[in-house]
Each structure stands twice: as C-alpha cells, then as structure tokens.
Amino acid sequence: MTILIDRDQAISSPALVPGAGDLAREPGGTELTIGLINNMPDPALKATERQFMKLLQAAAGPRRIRFHCFSLPSVNRSPEARWHVESEYSDVTELRRHKFDGLIVTGAEPVAPELDQEPYWRDLTELIDWAKVNTRSTIWSCLAAHAAVLHLDRIERRPLAVKCHGIFDCEAVTSDPLTRAAPAPLKVSHSRLNEIAESDLAQAGYQVLTRSAKAGVDIFVRQYASRFLFFQGHPEYDALSLQREYLRDIGRYLARERDNYPNLPVSYFDAATEEKLVRFEKQARHQRHPALSNELPPLTLRADIAAGSAAAALFRNWLQYLGAGTDASVLARYVGEDGVDVRTNEV
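Residues numbered from 1 in each chain as written. Predicted model: local features only at pLDDT ≥ 70, side-chain atom pairs only at ≥ 80, totals over all residues. Heavy atoms only, no water.

A. The arrangement of the overall build of the protein chain in detail. Helix and strand content of the protein chain: nine helices and ten strands. Expressed as a percentage of its 347 residues, the buried residues of the protein chain come to 50%. Sequence separation of 24 or more characterises 71% of the internal contacts of the protein chain that already satisfy a separation of 6 or more. Counting only carbon and sulfur atoms, one obtains 50% of the accessible surface of the protein chain, whose full area is about 16,000 Å². (Helix = DSSP H or I, 4+ residues; strand = E, 2+ residues; numbered from the N terminus. Buried < 20%, exposed > 50% of the residue type's maximum accessible area, 1.4 Å probe, protein only. Contact = heavy atoms within 4.5 Å. Areas by Shrake-Rupley, 256 points an atom, 1.4 Å probe, with all protein chains shown as cover.)

Next comes the structure, spelled out in structure tokens:
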C-alpha cells in the first residue's frame, strides 16, 4: 500500500492526486518516502496504520510524504489480518528496491520466552542491518526497540514486576532537535512488560533523550549512517488506545486466557471511573465469566492526558530532520555551535 500524504488534502492514493510525482509546491517543500513496518497484533493493525498516517499528515508542513506499509511475513496473523496485509500492504522485499528517507518499525505481540526465539527474529534483524545504511533515520517502537538493541549490542531487556501501562510525564534530559519546542512534560503512553535499563544503554554508547521518573527511559538514540531513534513508549497512541488494551486484557482474564487481572492504566481514567473499575474488578474475581464484560461501567478519561501533543512535536521535528538534507535553512538547525552535525557527529 502506497499512500500520498499531503497536509492540504485528504490522504489518498498517488494515482488520484494530480502531480503526485512532483515535489511539494510550497517553498522549501520536499517529498519524503517513509515506510511503516507494521507488526502490531491483529486487533491493533489497522488502528496503527491510521495513527501513523494521521501523525504524518499533521506534521508534514510543506512536504509531501510517500507512505508505504509493510509487515514482516513471519509475524503470526489471523486469516483476516493476513488477507488485509497481503491485499493492502507492499511486499517487504520491495524495501530493497526503493530509497527510504525514514522508516518506522513497530513491535509485535511476543509469542516466545526470549526475543531471539521469536518466529520473526531473522526477518527483523535483517531489517535492522538494512536500515542502518539505507535510511536517513529509523524509529524503533516498543518491542522493536528492545529487539534492535539486543541485536546491535546484546543489551538484554529486563522483565518488570508490574506492567508499565498508562500515561507518564517524560522530561527531556538533553538538548536534541527531536524534542525542540515539545511540550514539557511530554505525556507519553507506555504499555510494556519489560524495560531497557538506562545504565546498560549508557555503557553501550546510546544517548537518552527523555525519561520518566515512574516509567524510566522513554526515548534514546544512536547514530549510524542512519540516525536510529528508539521509543520505549507509544507516542503515536490515540486517546483510546490504552482503553482498548485494558478492555482486551479484562476480556482475556474473564475468558481464562490470562491468570492475572490487569492493573488500571496509570493517570488515565478519571477518579470516578477508577472507583467503578475497582468495584468491577472485585466482582470479576468472584464471578469470572466472559459474559461479565457486558457489565463494565461507562469509562471516562482524565481531561489532562494530552493525547497526541507529544507525538505531534516529535514527528514534526523528525520530518524536519529527514528533509534537512535538501533545505539549507533546516540543515543549519542540526549544526551546533561547535560546528558538529548532530546527524553524523562529524564537523
């Protein structure tokens, strides 16, 4: 699936847009080619497409973006999801036939006890090696970030005692073009059972850009020929993403597909909803049956979760970085007072 994303018009197929092969019309505009390797679980597959397309459209500015969707063929899929991928996505082998400015690689639902035992491990590691020299920058999200640092530097993720799940305040810990003009604090969704320790990253030469007092490292970076950005969180999540995951996990508990009742997402539901959900949990533990999900109370989110504001700033800056190679005014932003280009660490 190849989509043309333009700020001033609906997201469309390039064949439907006059002049789709031209550069964007505004001064300083460029056309960027970005690939999404969407390995998210089946229920989140289409939502993830929409979230990233919406983000890129909002962040595009004067640029046009050719947006290609892929998925690793070794990711386990239901027949319906596999049909969607096969009919709507480009074959992953097409990656090597095009030049990509940027790449976004999502995580996948784990099915093996260790990352390097996952059925998609070989495909993913080949992608990591390819992206190092064939993109200007690649974003590795959540489990994909954990897999990438394991492959690149043998950094092992560590299991958490309690799932990191909710909206967390993240602070910039160093000056970097990615976080320029971003809101403070950055409110970012996290949803994971494991973490990468900051001490392990520092020892291996990674630079941490943002962290949370409660959730730990949020964004970190490493420069190769491509600038690799690693997100432990999910800035792309929309306001209801964590709610969908929470309800999914309640359903799995009631169906006895998981042993533990899920914890409430942190700083997500309003106080009245949290009270109702605590009462529902007590009922679920005594009357564990799938039909009980029909008695879930209405859910209201907190008013201050600021869904999407962090992602809007991050992706706007990322696209500026990708376009800097052809725009001298933008390129100047990536050269510090010491004359060093932050994209390459070269004078």
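Picking up after the structure, the text goes on.
B. Quick peek at helix 6 (residues 241-254). Helix length check: helix 6, at 14 residues, gives a terminal C-alpha distance of 20 Å against a target of 20 Å (1.5 Å per residue), a fit within 8%. For helix 6, every residue scored as buried is listed here: S241, L242, Q243, E245, Y246, D249, I250, Y253 and L254. Next to the buried residues of helix 6 lie helix 1 (45-59), strand 6 (158-172), strand 7 (186-195) and helix 7 (271-286). Residue R256 follows helix 6 closely and has a positive phi angle near 60 degrees. (Expected span 1.5 Å × (residues − 1).)

C. View of the layout of surface pockets. Empty space within the largest pocket amounts to approximately 1,100 Å³. If you go around the largest pocket, you meet 40 residues; those closest to its centre are K163, S191, L193, E245 and R248. Listed by contribution, the elements that provide at least two residues to the lining of the largest pocket are helix 1, helix 4 (143-153), strand 6, strand 7 and helix 6. Residues belonging to the lining of the largest pocket are distributed by class as follows: 17 nonpolar, eleven polar and twelve charged. (1 Å grid on protein atoms, 1.4 Å probe; cavity = no way out; pocket = protein on both sides within 12 Å on 5 of 7 lines; lining within 4 Å. Points joined across faces, edges and corners; volume = space filled by probe spheres on them. Nonpolar A, V, L, I, M, F, W, Y, C, P; charged D, E, K, R; others polar.)

D. Inspection of the packing of helix 1 against helix 2 (residues 79-88) at higher detail. Contact pair helix 1 / helix 2: the axes reach a minimum separation of 10 Å and the direction vectors enclose 40 degrees. As the angle between them shows, helix 1 and helix 2 are arranged oblique. Across the interface between the two elements, L45, K46 and E49 from helix 1 touch A81, H84 and V85 from helix 2. The class makeup of the residues in the contact of helix 1 with helix 2 is three nonpolar, one polar and two charged. (Axes fitted to C-alpha atoms, helices over the stretch in contact; angles between N-to-C directions. Parallel < 35°, antiparallel > 145°, perpendicular 65-115°, else oblique.)

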